[in-house]
Amino acid sequence: MTQATHEAPPLPAAVLADVERDDPAAACERALAHPGFPHAAKGLSGLPTKAVRRLAQHCVELYREARTPERRDAVLTLHTALLGLRLDFLEEDHLEIEVLVAASSRDIADACETALAAGNPRRTAERLRGLHESYRHRLTDALAELHGAARTPERRNRVLWLHTALSHYQLNLLRFEDLEPVVREVLGRDGSAEVEAVLASESFLRVMSGLRALPPEARERLAGGARSLREEARTPERRELAVWLEAALLFPPLPGGLTLSEEFEAMWREVLPVDAAAACEMVLADKEFSGARLLPTLPEDLRDRLARVCTELYGATDSWARRDRIARMHAMLAPGRPDDLMAHTRQEALSAATAAAFWGQGCVHMVWVELVSGRDVPVRFGQTLRRYWGEGYGSGVPLGEVVRLLTAHPVVNAGDEWTDHALAELADLPDAWRDLVAHAATAKASRPSATWERRGRALLAEVDADEFRERVLGWLALVGEPRSLPLENDVRHDRFNDIAVRGLVRLLSFLPGHARTASGLGALLEKSLRKVPGQGPDRPALANACATALGRIRGEDFHAELVRLAAVVDHRPTLKLIGAGVDAHTGAV
């Protein structure tokens, strides 16, 4: 009698069974001992989240107990496969990192073209589906535009395949009335009971939902049917519908992103003291580059070790995307230190970066390294840096220090009506004028310090006071006029330029009183308090600076202006300052 043979269950199913028996140790050892390891471990990241977390935690224990480098490497590989966070896992072509870097810091269309140019469309889609949903959404939005602009059926089909594989909503490029007959035709050819049950629904959306609920082997079988239909198709339109259906069957919509940062950090901190190169690779290959946030928390000696590893890795690769990540990591490990080796990569990354990439990991750090190394950065990036400093945002680096290094840039950001006029005039004026405006742009505090005032008075002594008054009042009259350049993210004001305006108002208060100063500051105060629907006064901090300056300068014109304003201003904080100014003038009299 022949003994029946039983095929071993796939690795993910066997590992899950061990975890469900409360034996994560056996599950890990089963994976490590599998003849197909490490490639067979790729599917483990699809296990239920609770199981993945238990296995990842046990891997940390196994790594800690490992006695040989080979055992440590195998355990780390298993941990990496479980989390599914590593770019180009067991791959050598750098596809994922090139797409991700392009998507995060370059034109998103470049990322799409990189993906479309890769061989094996199915494998490409499987790999890119591992990217975070935010990147997938950006890619599918761009792919939708490329689909509409495609000039050939072959191009349309390549774009459609990738869009369908990455999209959370797969039905938005083709029409329902065109898709439904093809879907029902392919399902009708199958004949199995499970597919017939799906096909029984009269609703096309219910049919699609039913398809996604089928087991993987059934979807794979139906995808084969769609592939046959594509090969038989006599028209480009029918072939395109078959391409869409095949991709939709192979790649059901993905759920939202899964955060496993704690599991990543636990292993990373175990690896770091044992193998600095492996720890470096963990951060560099992290799909979200979230491991980079751990770098500033390290002691200086460990940061120095990792920085040296980055230097070695940089010289050993010719992938522009990998070099981009290494340069960012190196800048975060050695903040504010000069470096020439990676200068070309940093300059290329900053030149291509959009304003939205400002907060990308390591971006500001790269600016800092370039500036302390004596090189400049793109003016538009310097403008963004200044604006965020003006907003008071943090980035893990002292933004004020970095902003002060932008000495080769215009003293204020172009784009406001008043700054455009000021920059045009400053180009023909002595350097002392530039120094004065640059000093004005440091007036971030609500009140000027004694040191700031001393420096301001010293700079004013180097220019003609009457000329300064007339020019600055002319600039201030343009504050609030429509901008000549748009701002990113629907921001209403350039906060760096607003700081400079307040600084100029304070500098005017150091000069002897003049009737034009009183009327000019009063007009600016009123303009600053114009109501913005749903937000209140437009520039309340500037209005307060004007009220303080009017109260500081003695003279009948200033007293009269304060009295006039007290009768028309209803913004309480500013009105309080106006009242204090009136009292100060009355007391002086």
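About the thresholds
All residue numbers here refer to positions counted from 1 along the written sequence of the relevant chain. For a predicted model such as this one, the threshold for reporting local features is a pLDDT of at least 70, and the threshold for listing and counting side-chain atom pairs is 80 or more; totals across whole chains, interfaces and linings nevertheless cover every residue. To obtain the side-chain values, all non-hydrogen atoms of the structure were used and water was disregarded. The helix count covers DSSP runs of H or I at least four residues long, the strand count covers runs of E at least two residues long, and both are numbered beginning at the N terminus. Multiplying 1.5 Å by the helix residue count minus one yields the expected span of that helix. Only protein chains enter the calculation, and the probe is 1.4 Å; a residue is then buried if its accessible area is under 20% of its type maximum, exposed if over 50%, and partly exposed in between. Regarding the arc, it is the one traced by the directions from the helix axis to the C-beta atoms. Any pair of residues with heavy atoms lying within 4.5 Å of one another is described as a contacting pair. With a 1 Å grid spanning the protein atoms alone, the term cavity applies to any set of points in which a 1.4 Å probe fits but cannot get out, the term pocket to an open set with protein on both sides within 12 Å along at least five of seven lines, and the term lining residue to any residue with an atom within 4 Å of a point. Grid points are joined across faces, edges and corners, and a volume is the space filled by probe spheres set on the points. Classification convention: Asp, Glu, Lys, Arg as charged; Ala, Val, Leu, Ile, Met, Phe, Trp, Tyr, Cys, Pro as nonpolar; all other residues, Gly among them, as polar. Here, a salt bridge means any Lys or Arg side-chain nitrogen found within 4 Å of an Asp or Glu carboxyl oxygen.

Now, about helix α18 (residues 320–333): what can you tell me, with residues and values included?
The end-to-end C-alpha distance of α18, which contains 14 residues, comes to 20 Å, matching closely the 20 Å that a straight helix rising 1.5 Å per residue would cover. Where burial is concerned, most of α18 is hidden: twelve out of the 14 residues are buried. Those residues of α18 that sit buried are Ala321, Arg322, Asp324, Arg325, Ile326, Ala327, Arg328, Met329, His330, Ala331, Met332 and Leu333.

Would you mind going over helix α2 (residues 24–33) in detail, with residue names and values included?
All buried positions along α2 are accounted for by Pro24, Ala27, Cys28, Ala31 and Leu32. Projection of α2 onto a plane perpendicular to its axis shows the buried side chains occupying an angular sector of 130 degrees, all on one side. Here the buried face of α2 lies against α1 (11–20), α3 (49–65) and α4 (69–83).

Explain empty space enclosed by the protein to me, using residue names and the numbers behind them.
The tally for this structure, following the rule as stated, stands at three cavities of 30 Å³ or more. In this model, the largest cavity occupies a volume close to 90 Å³. Along the walls of the largest cavity sit His79, Thr80, Leu83, Leu85, Arg86, Phe264, Met282, Ala285 and Asp286, which together make up its complete lining. Going through the elements one at a time, α4 and α16 (276–285) are the ones with two or more residues in the lining of the largest cavity. When residues in the lining of the largest cavity are grouped by element, the largest group, three residues, is from α4. The residue inventory of the lining of the largest cavity, partitioned by class, reads five nonpolar, two polar and two charged. When its volume is computed, the second largest cavity comes out at roughly 40 Å³. Together, Asp416, Glu417, Trp418, Leu478, Val479, Gly480, Glu481, Asp498 and Arg539 line the second largest cavity.

Now, about unusual backbone geometry: what can you tell me, with residues and values included?
In this chain, Phe37 is followed by Pro38 through a cis amide linkage whose omega measures 10 degrees. Note on placement: Pro38 falls in the loop between α2 and α3. With a phi angle near 65 degrees, Leu90 is a residue other than glycine that sits in the positive phi range. Using a relative accessible area of 30% as the deciding quantity, one classes Leu90 as partly exposed.

For the side chain of Glu246, give the residues involved together with the corresponding values.
Position of Glu246 relative to the elements: it lies in helix α14 (residues 236–250). Overall, Glu246 belongs to the buried group, its relative accessible area being 4%. When neighbours within four sequence positions are excluded, Glu246 is seen to be in contact with Trp161, Ala223, Ala226, Arg227 and Arg230.

Lay out the pattern of salt bridges in plain terms, naming residues and giving numbers.
Scanning all chains against the criterion turns up 54 salt bridges. Between Arg552 and Glu453 there is a salt bridge, with the nearest N and O atoms lying 2.5 Å from each other. In this pair, Arg552 sits in helix α29 (residues 540–552) while Glu453 sits in helix α25 (residues 450–460), placing the two residues 99 residues apart along the sequence. Using a relative accessible area of 35% as the deciding quantity, one classes Arg552 as partly exposed. Close ionic contact of Arg539 with Asp498 constitutes a salt bridge, the shortest N to O distance being 3.2 Å. Note that Arg539 is positioned in the loop between β2 (536–537) and α29 and Asp498 in helix α27 (residues 495–508), a separation of 41 residues in sequence. In terms of burial, Arg539 and Asp498 fall into one category: buried. Linked through salt bridges whose partners overlap, the residues forming this network are Lys42, Asp88, Glu91, Asp93, Glu96, Arg122, Arg123, Glu126, Arg127 and Glu220.

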